[in-house]
Structure formats: C-alpha cells, structure tokens
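# What the coordinates show
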Amino acid sequence: VLLEGGRGGRGNGSFKHGTNRAPTIAENGEIGKEMWLELELKLVADVGIIGVPNAGKSTLLSMLSNAKPKIGNYPFTTLVPNLGVYEQEGQGTVLADIPGILEGAHTGLGLGLEFLRHCERTRVLIHLIDATSMDPMGDYDAINTELVLFKEALADKPQFAVINKTDVTGTEEVVEELLEEFAQRNVPVAVISAATGAGTKEMMRSVRKLLADLPEEVVEPVATSLAVRVKKQKKRGTDKFEDFEVEADRHAGVYYL
C-alpha cells in the first residue's frame, strides 16, 4: 500500500431515526492522497538478442518467429524491445529483440539505460555481430563493456556470439578472422544470415542446449525481517499506533507476523 485512502463517508442508513426511516441524505468521504508513480517494465525472455544498431536483430527475430518488428536499413529502426516465440521440437523459446546499444549506453546515451535493463531479465544473450562492420570485434567488445559498466552481474550471463550478414559478398575473410578470435577466447559462436535464414536452425539448437544446461532460476525473498508501523483506529476521531514484526522464511517463502 503506497497511499492511504480518505475516511469513508456515511450513507443514508446512518441518518435513520424514528420519524425518518428512509433518509435521502448522505455524507461524502474525505479525499484520499494522490501520487505520481514511474513504473519500470523489464521484459522477461529466455533469450535476448543484443548488438550494435543495424546488426540485423529485428531481421533475425522475424526469421525465427511470427513477430513482425519494424525493419529498416538504418540504425535505431527498433526503439522498443520486440518479443517473439521460436518453436522447435514442440517447445517454445521466448526471444527479445533488444534495441541497438551504443558505446556510452551505461550513461544513458541513446536511451541506453532503458535498453540495458531488459538484458537483466533474460537467461541467455545472443550477441549479434555485423560481418560488414568496419570493426566487428571492436563492436563486440564495446557492447560487453557497456553491459559490465551497467551492471557487473551481466558479465556472468551466458552469451552466444553470432556472426550475421554472411550472405554479403566479401565477408568470407572477416568471418574466418572472427571465428579464429572467438575460438581463442573460448566463446561459442555461430555463422548465419538472418536475411536468408542460413544457419539459424543450427544456431537455435545450440542456444536451446545452452538454456537446457543452465540451472533453474530460484527467486528468494531479499529481506529476512521487516519492521512495519501500522495505524489502527480504535474509534472515530482517535488513532492508536502499534508496531509489529514481519519475519520471512527465505527457504519456505513464508512470512510470519
């Protein structure tokens, strides 16, 4: 409960007396308190698709699912995350297309904070790399740096590097160099073309296996005890305050008064 409501008024029944059994008057209640709240939504998905702007994230989502995100050949086509479900072998995997992340996103640049927050609620990250970029490995490192600067725990989130746009002529040498670099870093990697769908099924099999190997997430209560002050009204016009403790059993998920 964030705010208290106003004291309720009295209905016409409160004004009944011996000579007026059906009064037509009533008493208005008091006006309650008001507050403006800013609520933050974090998407929940199995897999988050991250990368620099125009890396092909929305194209990949549309190829893997029935989602129809806006697609364009320019940065920041996607301004809000899009969700889609990939169906394989009778099981669904929820994918989130996270808008492009820029260097400096952890400071709020380019709506970076809004985009980075969505990465927290995913179990695995597909890190999409544009093979036509001037510095694809630099893009990869810059995004990972932003994740760590935003929240260090994101450094431990499993990632799957995916080299995209390999259907473009002249990317063969770049792909070979990237594969060699990722092998040295011991990072799982796949080579795909989101535009043609080449390699996407094999990629998702590997991602699904990575998800299956992860331990189940367990959410525990954060607080072990909480002191609460409540107002108990004894009779009209007088207030009495009493304190009590709320204790949480972190393992059973039970609260005791």
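One structure accompanies this document, and this report is about it. (Residues numbered from 1 in each chain as written. Predicted model: local features only at pLDDT ≥ 70, side-chain atom pairs only at ≥ 80, totals over all residues. Heavy atoms only, no water.)

Attention now goes to the overall build of the protein. When you go through the protein residue by residue, the secondary structure sums to five helices and nine strands. The helix and strand sequence of the protein, counted from the amino end, reads β-α-β-β-α-β-α-β-α-β-α-β-β-β. Looking at the 257 residues of the protein, the share that counts as buried comes to 34%. Looking at the protein alone, contacts between residues at least 24 apart form 61% of all its contacts between residues at least 6 apart. (Helix = DSSP H or I, 4+ residues; strand = E, 2+ residues; numbered from the N terminus. Buried < 20%, exposed > 50% of the residue type's maximum accessible area, 1.4 Å probe, protein only. Contact = heavy atoms within 4.5 Å.)

Now for the nonpolar core. In this structure, L60, I126 and M203 are the most contacted members of the largest nonpolar core, which totals 20 residues. Elements supplying a minimum of two residues to this core: β1 (45-50), α1 (57-64), β4 (122-130), β5 (159-164) and α5 (200-213). By residue number, the principal contributor to this core is α5, which donates four residues. In terms of nonpolar packing, the next biggest core, distinct from the first, is built from twelve residues, A96, C119, L125 and F150 among them. (Core = buried A, V, L, I, M, F, W, Y, C linked by side-chain atoms within 4.5 Å.)

All right, on to α5 then. End to end, α5 covers 20 Å across 14 residues, agreeing with the expected 20 Å (1.5 Å per residue, within 8%). Along α5, the residues that are buried comprise T200, M203, M204, V207, R208 and L211. Relative to the axis of α5, the buried residues are bounded by an arc of 135 degrees and lie together on one face. Turned more than 90 degrees from where α5 packs its buried face, K209, A212 and D213 sit exposed. (Expected span 1.5 Å × (residues − 1). Arc of directions from axis to C-beta.)

Both trends apply: most residues other than glycine have a negative phi, and most peptide bonds are in trans. Of note, N54 is a non-glycine position whose phi angle comes to about 70 degrees, a positive value. If you trace the backbone, N54 turns up in the loop between β1 and α1. Relative accessible area serves as the criterion here: at 25%, N54 is assigned to the partly exposed category. A positive phi is found at K165, a non-glycine position, where the angle reads about 65 degrees.

On to the packing of aromatic side chains, then. Under the counting rule described, the total for this entry stands at one aromatic pair. Relative to F182, the ring of Y140 has its centre 5.0 Å away and its plane inclined at 85 degrees; by these criteria the two rings are edge-to-face. Of this pair, Y140 sits in helix α3 (residues 136-150) while F182 sits in helix α4 (residues 172-185), and the two are 42 residues apart along the sequence. Since its relative accessible area comes to 5%, Y140 is described here as buried. (Phe/Tyr/Trp six-rings, centres within 6.5 Å; stacked < 30°, edge-to-face > 60°.)

Quick look at the environment of G29 now. In this fold, G29 is placed in the segment before β1. The spatial distance from the C-alpha of G29 to the C-alpha of R7 is 5.7 Å, given a sequence separation of 22 residues. Excluding residues within four positions of it along the chain, G29 makes contact with R7, G8 and G9.

Of the pairings in the sheet, the one linking strand β2 (residues 82-88) to strand β3 (residues 91-97) comprises seven bridges and is antiparallel in character. From the neighbouring strand, L83 faces β3, where its bridge partner is A96. (Pairing = 2+ DSSP bridges.)

Okay, the pattern of salt bridges next. Under the criterion given, the structure shown has six salt bridges. Across the salt bridge formed by K165 and D130, the nearest N and O atoms sit 3.3 Å from each other. Of this pair, K165 sits in the loop between β5 and α4 while D130 sits in strand β4; the two residues are 35 residues apart in sequence, bridging distant segments of the chain. D130 gets classed as buried once you look at its relative accessible area, which sits at 10%. Note that D141 is salt-bridged to R185, the shortest N-O span being 2.7 Å. In this pair, D141 sits in helix α3 while R185 sits in helix α4, placing the two residues 44 residues apart along the sequence. Judged by its relative accessible area of 35%, R185 falls in the partly exposed class. Three or more residues are tied together by salt bridges with common partners; here these are D141, E181 and R185. (Salt bridge = Lys/Arg side-chain N within 4 Å of Asp/Glu carboxyl O.)

Treat this as a map of the structure, not an account of what it does.
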